[in-house]
Amino acid sequence: MSEWRQIYVRFYVTGKGEESFLVDFFRQLTVSGTGLISFTTEQAFKQIRAATNPKKASINQKAIPREIETAAISIRKWIADSPNKYAVLVDDLESSRRLTASSEFRNYRESVDRLLNAKPGLASRFAVHFFVNMIEAYYFKHPEVVNEVCGISLTTHPGDVENLRHPKNRLKDLISKLDRGRKYDEVVDGATIATKLDLAKVLDNPEHCRALRTLVAWIWEAIGRERGKEYQLQHGLYWDVTAT
């Protein structure tokens, strides 16, 4: 059994929605037999779009975008403050960016690592992960909560929700058809959904939600726990893009 620890994990995100409710989304991970995790969020950067043109890609490798450099400085300051502090850069990976996922990951990882590698031990407490295709996709794994909050009649998606195209737009369309005066608010509605969403239910199928499971496993091991039956961490599939 690992020694009990107090861990601090900060999510660095691109959107206001994630900034406002990620703490609630991961609330089920805050207490375990080996420690306590305190989650915080910071809206710190804009998305990096991986260049598909070889010449542009070469230029991008030499220069760190200003927004990411600012986020990297904040990340370095955060995790350098204590060995019990961890940082996760989280981005939505929309359908249009799935083919460049590995490049997106490398762009983020290498850009931040340039600053972290100046001091040994920092880079190992930093990770890059994605919500695929966006955080709203996971709502379709627990439709009862979405129906309660939004007043719609959503049913459980039969396949892997990480393959849903434009899940946010699907919610917007369903709600607008129900009531012309009602619109889906990703911050307000998302915050309410996040407080009720069952993360274990979202990850109950070991073959689905590989990207989300990979993120949960990284947090799980940060507190010193072995991958077990919880969230299908022991036998579930992981996303090869971020599993490193």
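Structure shown above.
These remarks concern the structure in this document. (Residues numbered from 1 in each chain as written. Predicted model: local features only at pLDDT ≥ 70, side-chain atom pairs only at ≥ 80, totals over all residues. Heavy atoms only, no water.)

This part takes up the overall build of the chain. Secondary structure summary: the chain contains nine helices and five strands in total. Sequence-ordered secondary structure for the chain, helices as α and strands as β, is β-α-β-β-α-α-β-α-β-α-α-α-α-α. The globule rule puts the C-alpha radius of gyration for 244 residues at 18 Å, and the 18 Å found for the chain is close to it. Taking all 244 residues of the chain together, the buried fraction comes to 50%. Long-range contacts, defined here as pairs at least 24 residues apart, represent 74% of the contacts in the chain between residues at least 6 apart. Accessible surface, the chain: about 12000 Å² in total, of which carbon and sulfur atoms supply 48%. Here the chain contributes 36 positively and 31 negatively charged side chains, and the mean placements of these two sets differ by 5 Å. (Helix = DSSP H or I, 4+ residues; strand = E, 2+ residues; numbered from the N terminus. Rg over C-alpha atoms; globule rule 2.2 N^0.38 Å. Buried < 20%, exposed > 50% of the residue type's maximum accessible area, 1.4 Å probe, protein only. Contact = heavy atoms within 4.5 Å. Areas by Shrake-Rupley, 256 points an atom, 1.4 Å probe, with all protein chains shown as cover. Lys, Arg positive; Asp, Glu negative; His and termini not counted. Charge placed at Lys NZ, Arg CZ, Asp CG, Glu CD.)

Across the interface, helix 1 (residues 16-25) lies against helix 7 (residues 188-196) with an axial gap of 8 Å and an inter-helix angle of 10°. When the axis of helix 1 is compared with that of helix 7, the two are roughly parallel. Contact with helix 1, carried on its side by Phe21, Asp24 and Phe25, involves Gly190, Ala191, Ala194 and Thr195 of helix 7 and no other residues of that element. Taken together, the residues that form the contact of helix 1 with helix 7 break down as four nonpolar, two polar and one charged. (Axes fitted to C-alpha atoms, helices over the stretch in contact; angles between N-to-C directions. Parallel < 35°, antiparallel > 145°, perpendicular 65-115°, else oblique. Nonpolar A, V, L, I, M, F, W, Y, C, P; charged D, E, K, R; others polar.)

Further remarks concern the pattern of salt bridges. Opposite charge on two side chains permits them to pair, given that their charged atoms come into close proximity. Counting across every chain of the model gives 12 salt bridges. A salt bridge links glutamate 42 to arginine 10, with the shortest nitrogen-to-oxygen separation between them at 3.8 Å. Within this pair, whereas glutamate 42 is found in strand 3 (residues 35-43), its partner arginine 10 is found in strand 1 (residues 5-13), the two being separated by 32 residues in sequence. Each of Asp91, Glu94, Arg97 and Glu104 takes part in a single network of salt bridges with overlapping partners. (Salt bridge = Lys/Arg side-chain N within 4 Å of Asp/Glu carboxyl O.)

Here the focus is the pairing of strand 5 (residues 126-132). Burial analysis of strand 5 places seven of its seven residues in the buried class, the great majority of the element. The side-chain alternation of strand 5 yields two buried faces, one formed by Phe126, Val128, Phe130 and Val132 and the other by Ala127, His129 and Phe131. Sheet topology note: the strand 4 (residues 85-93)/strand 5 ladder contains seven bridges and is parallel. Within the sheet, the bridge partner assigned to leucine 93 lies in strand 5 and is valine 132. Between strand 4 and its parallel partner strand 5, the chain crosses via helix 4 (residues 101-116), and the hand of that crossover is right-handed. (Pairing = 2+ DSSP bridges. Right-handed = clockwise from strand over helix to strand, strands pointing away.)

The computed volume of the largest pocket comes to approximately 210 Å³. As for the largest pocket, its lining consists of 15 residues, and the residues nearest its centre are His129, Trp218, Thr242, Ala243 and Thr244. (1 Å grid on protein atoms, 1.4 Å probe; cavity = no way out; pocket = protein on both sides within 12 Å on 5 of 7 lines; lining within 4 Å. Points joined across faces, edges and corners; volume = space filled by probe spheres on them.)

Next up on the list: unusual backbone geometry. Cis geometry is adopted by the peptide bond preceding asparagine 133, which originates at valine 132 and carries an omega value of -5°. Note that asparagine 133 resides in the loop between strand 5 and helix 5 (143-150). Even without being glycine, histidine 166 reaches a positive phi, approximately 50°. Assignment of secondary structure puts histidine 166 in the loop between helix 5 and helix 6 (167-178).

The next subject is helix 3 (residues 66-80). Residues spaced three or four apart along an α-helix face the same direction, because each turn holds 3.6 residues. Its 15 residues place the ends of helix 3 21 Å apart at the C-alpha level, agreeing with the 21 Å of an ideal helix rising 1.5 Å per residue. Here helix 3 has its buried residues at Ile68, Ala71, Ala72, Ile75, Trp78 and Ile79. The buried side chains of helix 3 occupy one side of the element, clustering within an arc of 125° when seen end-on. Projecting away from the buried face of helix 3 at angles above 90 degrees are the exposed residues Arg66 and Lys77. Residues of helix 3 that are buried make contact with strand 1, strand 3, strand 4, helix 4 and strand 5. (Expected span 1.5 Å × (residues − 1). Arc of directions from axis to C-beta.)

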